[in-house]
Amino acid sequence: MESTISDRSLPTDIDSTDNSPPLVNPAANGTPYRDLRLMKPLLDAIEHAGYTNCTPVQSAVIPAALKGLDVIGQAQTGTGKTAAFLVPFLNRWRPHSLKGPIGLVMLPTRELAMQVAEEAVKLAPSSKFRTVSVYGGTGMQRQLSQLASGCDLVVGTPGRIIDHLRRGTLTLDHVRYVVLDEADRMLDIGFRPDIERILRRCPDKRQTLLMSATVPDEIKRLVNRYMKDPLHLSLSPTNLTVDKIRQTYITVDKEKKFDLLLKVIEREKPRQCLIFVERKRWADDLLRKMKPHVPSTYAIHGDLPQSQREKIMAGFKSGKVTYLIATDVASRGIDVNGISHVINYDLPMDIENYVHRIGRTGRIGKDGVAIAFVTPEEGSHLTEIEIVINRLIEPDSIEGFEASAPKRRRHIDDPDEPRPQPVEGEPPAEPKKAVFGKFKKKYSSRL
Ligand code: ADP
Ligand code: MG
């Protein structure tokens, strides 16, 4: 069984002029590192890195992982997940004569592999601790010679790890600690078969950690198969900020969404606005339509070359780009503080994404606005979202677009909403229960 602990004590009052990653606040009320009973050389390295207190995800994950438990650490980008999974491993490290590696970190990209390897070097308790990063594209010779001379930790992309396993240049026989970092992104990229192949090659007697901003069903399946009674530590900051966000919906026919978007923009005059669509192609379609009306609009999605994505993201971060159309995958890692509006041009099919989407606004204590476009057929989907966020999303209207009640399959216990009347000739509807009450057990832990 998986248990869930939610932390509601994340700081929300961080200085908004601070340009550092927004959710990491060394001054926050996290556990001081010196209270964690870590090995002295490790503690020294941590202090040398300038970390005094744990970030919230570190406060949650490190003690559990130190006990040897399998852990799912769910938290947004920039919250300090790297140290959260490295510290427990480094604390256990002792000089040894194995060829290794004894620790394995899988992650989706070369950039992340380099970053995590860098952090491992920074936090290493000894100069004898050896980290090798393996990723595709370049550096095969260097990787081969580093692996050949033995190492403690391998940090790499699943594709290249498989490559080394096939060549026989890497063995996982001694691995006791496995981390899936940015698991949701790895699955989005299509690394699942490789990840499973690698996990099957790792000894059963091991500890497994999984770090992810979201935990969709596909990840849960992976967890059930490859992790042992994992503790699910959810620190998703979006859960905490949603209360500050004014959430509304507007009912609209599909073919009128674009006209509605222009009206909403005219009315709201967003400082910066993120517009979510469900498919990559739709992002391009919408961009084409918007450009003539709103020139400061750009779009990012997974098919854009990395360099172009980075350029657009930099523009958005600096405030030069006002409107950004994005898919859920491409929007991961957006940590821009100035977003005043999130428009759900398409409702997210994966309900969890709703929370992540709207959490892009209302950052670090600021208010935000989230407006969802709902077609008349999507009423029950809207209801499902309301169940997850445990509150009703208010109807909104704009000239020419009245928020008629979309068709809802399930009735929500709202005194203002008319209860569905039995239709003649059909059996009476089953008695309505308070939906929130019914789901309370399941969702209360994450709200
Ligand atoms: P994530 O993996 O959650 O996206 P990272 O592990 O990359 O986040 O950390 C984000 C930044 O925060 C890094 O620059 C890291 O050095 C810094 N950081 C991590 N933990 C702490 C801490 N306890 N105190 C101060 N800064 C930290
Ligand atoms: Mg990370």
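Residues numbered from 1 in each chain as written. Chains lettered and ligands numbered in written order. Predicted model: local features only at pLDDT ≥ 70, side-chain atom pairs only at ≥ 80, totals over all residues.

**Examining the overall build of the protein**
And then number 1: Looking only at helices and strands, the protein features 17 helices and 15 strands.
And then number 2: Considering the protein as a whole, with its 447 residues, one finds that 43% of them fall into the buried category. (Helix = DSSP H or I, 4+ residues; strand = E, 2+ residues; numbered from the N terminus. Buried ≥ 20, exposed ≤ 12 C-beta atoms within 10 Å, placed from the backbone.)

**Here we look at the environment of Gly-302**
And then number 1: Structurally, the position occupied by Gly-302 is in the loop between β11 (297-300) and α13 (306-318).
And then number 2: Owing to 13 C-beta atoms within 10 Å, Gly-302 belongs among the partly exposed residues under this scheme.
And then number 3: With 23 residues separating them along the chain, Gly-302 and Arg-279 place their C-alpha atoms 9.9 Å apart.
And then number 4: Other than its neighbours up to four places away in sequence, Gly-302 contacts Lys-280, Thr-327, Val-329 and Ala-330. (Contact = placed C-beta atoms within 7 Å.)

**What about the sheet that holds strand β9 (residues 245-251)?**
And then number 1: Pairing in this open sheet of seven strands is parallel, and the strands run β11-β12-β10-β13-β14-β9-β15 from one edge to the other. Each end of this open sheet is capped by a strand with a single partner; those strands are β11 and β15 (394-395).
And then number 2: Relative to the sheet, helix α11 (residues 257-268) contacts β9, β13 (341-344) and β14 (368-374), its axis offset from that of β14 by approximately 160°. (Pairing = 2+ DSSP bridges. Axes fitted to C-alpha atoms, helices over the stretch in contact; angles between N-to-C directions.)

**Here's the deal with helix α16 (residues 379-389)**
And then number 1: Along α16, the positions that sit buried rather than exposed are His-381, Leu-382, Thr-383, Ile-385, Glu-386 and Ile-389.
And then number 2: Against β9, α15 (352-358) and β14 lie the buried residues of α16.

**Some remarks on the environment of Leu-233**
And then number 1: Locating Leu-233 in the fold gives a position in strand β8 (residues 231-234).
And then number 2: When the 23 C-beta atoms within 10 Å are taken as the criterion, Leu-233 is described as buried.
And then number 3: Between the C-alpha atoms of Leu-233 and Met-211, which are 22 residues apart in sequence, the distance is 9.8 Å.

**Observations regarding the packing of helix α2 (residues 56-66) against helix α3 (residues 81-92)**
To describe two helices that pack against each other, one gives the angle between their axes and the distance between the axes.
And then number 1: In the contact formed by α2 and α3, the axes pass within 9 Å of each other and the chain directions differ by 25°. Of the possible angle classes, the one that applies to α2 and α3 is roughly parallel. Between α2 and α3 the crossing geometry is right-handed. Of α3, the residues touching α2 (which contributes Val-57, Gln-58, Val-61, Ile-62, Ala-65 and Leu-66) are Lys-81, Ala-83, Ala-84, Phe-85, Val-87, Pro-88 and Asn-91.
And then number 2: By residue class, the composition of the contact of α2 with α3 is ten nonpolar, two polar and one charged. (Parallel < 35°, antiparallel > 145°, perpendicular 65-115°, else oblique. Left-handed = near helix turned anticlockwise from the far one by under 90°. Nonpolar A, V, L, I, M, F, W, Y, C, P; charged D, E, K, R; others polar.)

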